Each structure stands twice: as structure tokens, then as C-alpha cells.
Amino acid sequence: MKLEHSIFTSPGTRPVNEDYADVVKTGSRSCYILCDGLGGHGMGDRASRFVVKQLKDFFRSCKSNDEFAAAAIANAQTALRNEQSRLGAVNKMKTTAVVLAADGSSCVCLHAGDSRLYHFRDGSVRFHTRDHSIPQMLAIMGDIEEKDIRRHPDRNKLIRALGDDKEEIKCEISRFEAEVGDAFLLCSDGFWEPVEDEQMCSLLMKTDSAAEWLRQMSSLCAENSRGRSMDNYTAIAVRVRE
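To keep things clear, this report deals only with the structure shown in the data block. What you see is a predicted model, and the numbers here were worked out from it, not measured in a lab. (Residues numbered from 1 in each chain as written. Predicted model: local features only at pLDDT ≥ 70, side-chain atom pairs only at ≥ 80, totals over all residues. Heavy atoms only, no water.)

1. Considering the sheet that holds strand S6 (residues 116–121)
Okay, so step 1: Strand order across the open sheet formed by five strands is S1-S10-S9-S6-S7, with antiparallel pairing between neighbours. Each edge of the open sheet is held by one strand with a lone partner, namely strand S1 (2–10) and strand S7 (124–128). Here the average twist between neighbouring strands, direction ignored, is 20°.
Okay, so step 2: Inspection of the sheet shows strand S9 (residues 183–187) paired to strand S10 (residues 233–241) by five bridges, in the antiparallel sense. Considered in S10, the bridge of Cys187 is made with Ala235. (Pairing = 2+ DSSP bridges. Helix = DSSP H or I, 4+ residues; strand = E, 2+ residues; numbered from the N terminus. Axes fitted to C-alpha atoms, helices over the stretch in contact; angles between N-to-C directions.)

2. Some details on the pairing of S10
Okay, so step 1: Within S10, eight of the nine residues are buried, which leaves it mostly tucked inside the rest of the structure.
Okay, so step 2: Two strands pair when backbone bridges link them, and S1 and S10 are joined in this way by nine bridges, in the antiparallel orientation. Considered in S10, the bridge of Leu3 is made with Val240. (Buried < 20%, exposed > 50% of the residue type's maximum accessible area, 1.4 Å probe, protein only.)

3. Considering the sheet that holds strand S4 (residues 97–103)
Paired through backbone hydrogen bonds, the strands of a sheet run either parallel or antiparallel to each other.
Okay, so step 1: The antiparallel open sheet is built from five strands, whose spatial order is S2-S3-S4-S5-S8. The open sheet is flanked by strand S2 (19–26) and strand S8 (172–177), the only strands paired with a single partner. Each strand axis lies, on average, 10° off the axis of its neighbour in the sheet, ignoring direction.
Okay, so step 2: Bridge count for S4 against strand S5 (residues 106–112) is seven bridges, and the pairing is antiparallel. Directly across from Ala102, in S5, lies its bridge partner Cys107.
Okay, so step 3: Most of the contacts of helix H1 (residues 44–61) go to S2, to which it runs at about 10°, and overall it touches S2, strand S3 (29–36) and S4. (Contact = heavy atoms within 4.5 Å.)

So this is what it looks like as C-alpha cells:
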């Protein structure tokens, strides 16, 4: 079993791209990381790059994905808060994070904020992370439907992100076993908002590679956003091969 991936990022109509994504591999283990800097707080682009680098370095230092998952987000939060202090940017430099670490078929996902991981199997969404946002909380309480999150007026109000004024930040950890034919998508909100889950699935079934699947989704993202202000949009597509 091997994992094939592709990365796409675009600033959309914004002057600065505050999203950042990268991949690191060591031995049989691989780690896919995506961060979306919070533009309203300033220095989001520096925050996202800083956290991706911290997570990559920590992944390399760990001997297993379990060791990585246990402390990765906490270590990144501590490092980011120290960097905020060093730069005199205590109320700035905030970012989401979503991470997929894989070792063979064993996968673990970490996330904080509203950047998402989707897990696809047999042409449908098997799992996706829940956002740490006001609309997601409303959906959990039954006040709105899940599909309404995409266009809710409080969509950008997060209740959790790295760089928050907390000693530690809670992240959600999800574990699953991958099978040949599965696919994963890590994406910022600028990517998943314009592309419906059904469209992701349809394009997955029509394409043969991670690169082509991601290219077609990215094109649809731009098409569905035509005529509107468009956020940065970034994704990592991963497909599981024999």
C-alpha cells in the first residue's frame, strides 16, 4: 500500500495567501499538514508557515505516529506563543491546523479550527472533521443543519485555533484504517465552502490520480466562486494505492 498526493494553493482574490501546506516523509511514515492563517488577526501567513514547519520538525523527531499525535499540536502551540512573544505579536499570528499522519494502513488525524480532513471510501464521504466554529456548534445542537454551515453569517467565527491565548490548545484526534482505493482531502475553508461534498465524491470517481482529482476540484472551486470575493483556497489530495 502506498499513498499518492498532490498539493494546490491559491490566494483567490486576496492580496496575501495565508494558507500553507506541505508533506514530510520518513521511512514508512508520512505526514500531510495544512494551516490557514487567521487574516483578521494579522500575520496569518507567518503563523501558518511557522506551524507547518514546527509540525514537520516534530514529526521527524518522533519514532511513531502515536508519539507524534500525543504532543504535536501542544508543542506547536507552545512554539507559536513563544514566537508571538518574541515578535511582540501576542494578539496576532493565529492559524488553524489539520494533519494526517499515516504509517501503512494506520492513520491518525489532528485538527484545530475549521480546516478539514475528509476520508472517502466507495465513492462517498466516510468521515470528515467537525469545525471548531460557531456554526458547527449550532449544527451539533440542532439549531441549523450541517449543510447550512457553508453559508452561515458567522462562518468565520472560530472557537479554537493555534495562537489563542491559552497555555495549551485542545485538538481533536481521529484514528482510522485506510484501504486501497480510499482517498483523503485536507483543505482550508476557502476550498471546502464552494465545493459540495457530493461534487468532491463525483470528481473522485471520475479521475484516476490525486493530481487530476485536485485539479478538477480546484477549477470547480473557482467556478463556483466566480463574481464574488474569494478567500485563499488550499488542499492536499491523497489517494491510497496498492
